[in-house]
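One-letter residues, chain by chain:
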Amino acid sequence: MHKLPTIDFTNKRNLNPGSTSWLTTSIEATRALEQYGCFIAEYDQVPLDLNNAVFQALQDLFDLPIETKVQNKSRKPLYGYVGQIPFIPLYESMGFDYSNTHDGVRSFTDVMWPHGNKAFRATLLAYNGLVAKLEEMVTRMVFESYGVEKHLDAHRNMVTYLCRCMKYRRPEKNETNMGFVAHTDKDFITILHQNQVDGLEVKARDGEWLTVNLLPTSYIVMSGDAAMAWSNERLYSPYHRVTMNGNASRYSIAQFSFLEGIIETPEEFVDEEHPLQFKPFDHLKYLDFYNKEENRKLECAIRTYCGVLE
Ligand SMILES: O=C(O)CCC(=O)C(=O)O
Ligand SMILES: [Fe+2]
C-alpha cells in the first residue's frame, strides 16, 4: 500500500536555505519527486481569508455567462477558456499567463480579459505570488540536492507560469464521474490546490492509483515531463486524473512552471550508469507538439519528442 508523502513547509519549520530543516526537507522533497513524482506540501503562507477569497472568485468566474468566459483568449496554447469538452463533460477551465520578475513583482502578461475583473485579477495575483514562493523553494531544493545549483539562476530567468483554474461540476445521475482523463503534466513543476472537495488520483510507479485527501493548507507539488527529461529521469512525471464522487462541485487551481527556451540535461546527471536519455528541447515547442491531436494519445510524449532512443 502506498501513501503519498506529506512534507511540512509551514512557517514553524523556519526553512532558511542552508539550515538543518532546509537540508532535511530538501532530501525528503527530492526523494518524493523521484519515487512518486509528487508530494503533499503543508504550506501556511496563503492566509485562510485569501484562500477563501480565491475560491469565491473562481465560483463567480465560472458563473459568468459563457459569452463572457470565451473572451479570455490567448495566443499561447492551453491558456484560454476551455469548456464543454465532449468526453469530459464535468470539466471547465480557464488559464492565465503570468511572469515572475526578479524584484518579486508579478504581472499577468497576456490576459485578454474584459474590464471589470480587476478584483478577480488582484486576488488571483496575490495567491499566485505566494504559491510561486513554494515553487521557488522546491525548485531550489531539488537543484541543490543534485548539486546543480549553478544552473539555478539561468532556470529562474526562463520560468514563465500558467495558472489554470478549474471547475468540475458534480455528475448528474447516470453520468460518468470522470472529472479529468489520466495524463502527465507537460511542465517543470506543478503546484495544485483545491477547495475542500477531493478527487485527485495519482498513479504510483507500480500502477496503483492513490487517492489524495487534502486540508485547506495542502498543496500538491508535482514534477512534470520537463523535469523528468531535465533530470535524466531521476524525477518522475506521474500519471494523474480527477474522479468526482461527492455531491459538491470541485474547484482547483494549478500553477504550471514552463521555461521559455531550451532545456538541457546538466552533465551532473549523466554517467556510464545513466546515459543521456533526452536531447535538449524547446519547452514551449514541446507544448505545441503535444497540442496536436495525433500526439495527445502518446504514452510518453516527451520521449517521442526528444528521447535519445526515439
Ligand atoms: O484539478 C486537479 O486537481 C488536477 C488538474 C490537472 O491535473 C491539470 O490541470 O493538469
Ligand atoms: Fe495535470
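Residues numbered from 1 in each chain as written. Chains lettered and ligands numbered in written order. Predicted model: local features only at pLDDT ≥ 70, side-chain atom pairs only at ≥ 80, totals over all residues. Heavy atoms only, no water.

Going by an unreviewed UniProt entry, the protein carries the name Fe2OG dioxygenase domain-containing protein and comes from Lactuca saligna. Note on the protein: under the UniProt heading Sequence similarities (unreviewed entry), the record states "Belongs to the iron/ascorbate-dependent oxidoreductase family." (UniProt positions renumbered as here; feature names shortened; annotations may be inferred.)

Participant: Got a minute to help me understand the pairing of strand β11 (residues 218-223) in this structure?
Facilitator: On a regular strand, each side chain points to the face opposite its neighbour's, so the side chains alternate between the two faces of the sheet. Counting buried residues in β11 gives six out of six residues, a clear majority hidden from the surface. Of the two faces of β11, both are covered, the one formed by Ser-218, Ile-220 and Met-222 as well as the one formed by Tyr-219, Val-221 and Ser-223. Across four bridges, strand β8 (residues 189-194) lies against β11 in antiparallel orientation. When the sheet's bridge partners are listed, Thr-190 is paired in β11 with Met-222. (Buried < 20%, exposed > 50% of the residue type's maximum accessible area, 1.4 Å probe, protein only. Helix = DSSP H or I, 4+ residues; strand = E, 2+ residues; numbered from the N terminus. Pairing = 2+ DSSP bridges.)

Participant: Is there a simple way to explain the packing of helix α1 (residues 20-35) against helix α4 (residues 118-145) in this structure?
Facilitator: For any two helices packed against each other, the geometry comes down to the angle between their axes and how far apart the axes lie. Orientation of α1 relative to α4, taken along the N-to-C sense of each, is 90°, at an axis distance of 9 Å. With respect to α4, the element α1 is oriented roughly perpendicular. Residues Trp-22, Thr-25, Ser-26, Ile-27, Thr-30 and Leu-33 of α1 pack against Met-137, Val-138, Arg-140, Met-141, Val-142, Glu-144 and Ser-145 of α4. Of the residues in the contact of α1 with α4, the class split is seven nonpolar, four polar and two charged. (Axes fitted to C-alpha atoms, helices over the stretch in contact; angles between N-to-C directions. Parallel < 35°, antiparallel > 145°, perpendicular 65-115°, else oblique. Contact = heavy atoms within 4.5 Å. Nonpolar A, V, L, I, M, F, W, Y, C, P; charged D, E, K, R; others polar.)

Participant: Can you help me understand the site of ligand 1 in this one?
Facilitator: Taken together, the residues surrounding ligand 1 are Arg-164, Met-166, Tyr-168, His-183, Asp-185, Leu-192, Leu-200, His-240, Val-242, Arg-250, Ser-252 and Phe-256. Asp-185 places a side-chain nitrogen or oxygen 3.1 Å from an oxygen atom of ligand 1. At 2.7 Å, a side-chain N or O of Ser-252 approaches an oxygen atom of ligand 1. Coverage of ligand 1 by the protein amounts to 98% of the 290 Å² it exposes when considered alone. (Near = heavy atom within 4 Å. Polar contact = N/O pair within 3.5 Å; in protein donor to acceptor, adjacent residues only side chain to side chain. Areas by Shrake-Rupley, 256 points an atom, 1.4 Å probe, with all protein chains shown as cover.)

Participant: Sorry, what's going on with the coordination of the iron ion (ligand 2) here?
Facilitator: Between any two of four tetrahedral donors, the ideal angle at the metal is 109.5 degrees; between two of six octahedral donors, it is 90 or 180 degrees. Each protein donor to the iron ion (ligand 2) is listed here as His-183 (NE2), Asp-185 (OD) and His-240 (NE2); together their distances run 2.1 Å. As a motif over one chain, the donors of the iron ion (ligand 2) read H-x1-D-x54-H. In this pair, Asp-185 is assigned in the loop between β7 (178-183) and β8 and His-240 in strand β12 (residues 240-243), connecting sequence segments 55 residues apart. Look at Asp-185 and you get buried, because its relative accessible area is 6%. With a relative accessible area of 4%, His-240 lands in the buried category. (Donors = N, O, S within 2.8 Å, 3.2 Å for Na, K, Ca; no water.)

Participant: Hey, could you run me through α1 in this one?
Facilitator: Given 3.6 residues per helical turn, the α-helix brings residues three or four places apart onto the same face. Over its 16 residues, α1 extends 23 Å from the first C-alpha to the last, a length consistent with the 22 Å expected when each residue adds 1.5 Å. Residues of α1 that are buried in the fold lie against β1 (6-8), β2 (38-42), α4, β8 and β11. Positive backbone phi, approximately 75°, marks Gly-37, located one or two places after α1. (Expected span 1.5 Å × (residues − 1).)

Participant: What is the right way to read the packing of helix α2 (residues 48-63) against α4 from this model?
Facilitator: α4 packs onto α2 with a crossing angle of 135° between their chain directions and a minimal axis gap of 10 Å. In terms of their interaxial angle, α2 and α4 are classed as oblique. In the crossing of α2 with α4, the sense of the turn from one axis to the other is left-handed. Seen from α2, the contacting residues are Leu-50, Ala-53, Val-54, Ala-57, Leu-58 and Leu-61; seen from α4, they are Phe-120, Thr-123, Ala-126, Tyr-127 and Leu-130. Residue classes in the contact of α2 with α4 are distributed as ten nonpolar, one polar and no charged. (Left-handed = near helix turned anticlockwise from the far one by under 90°.)

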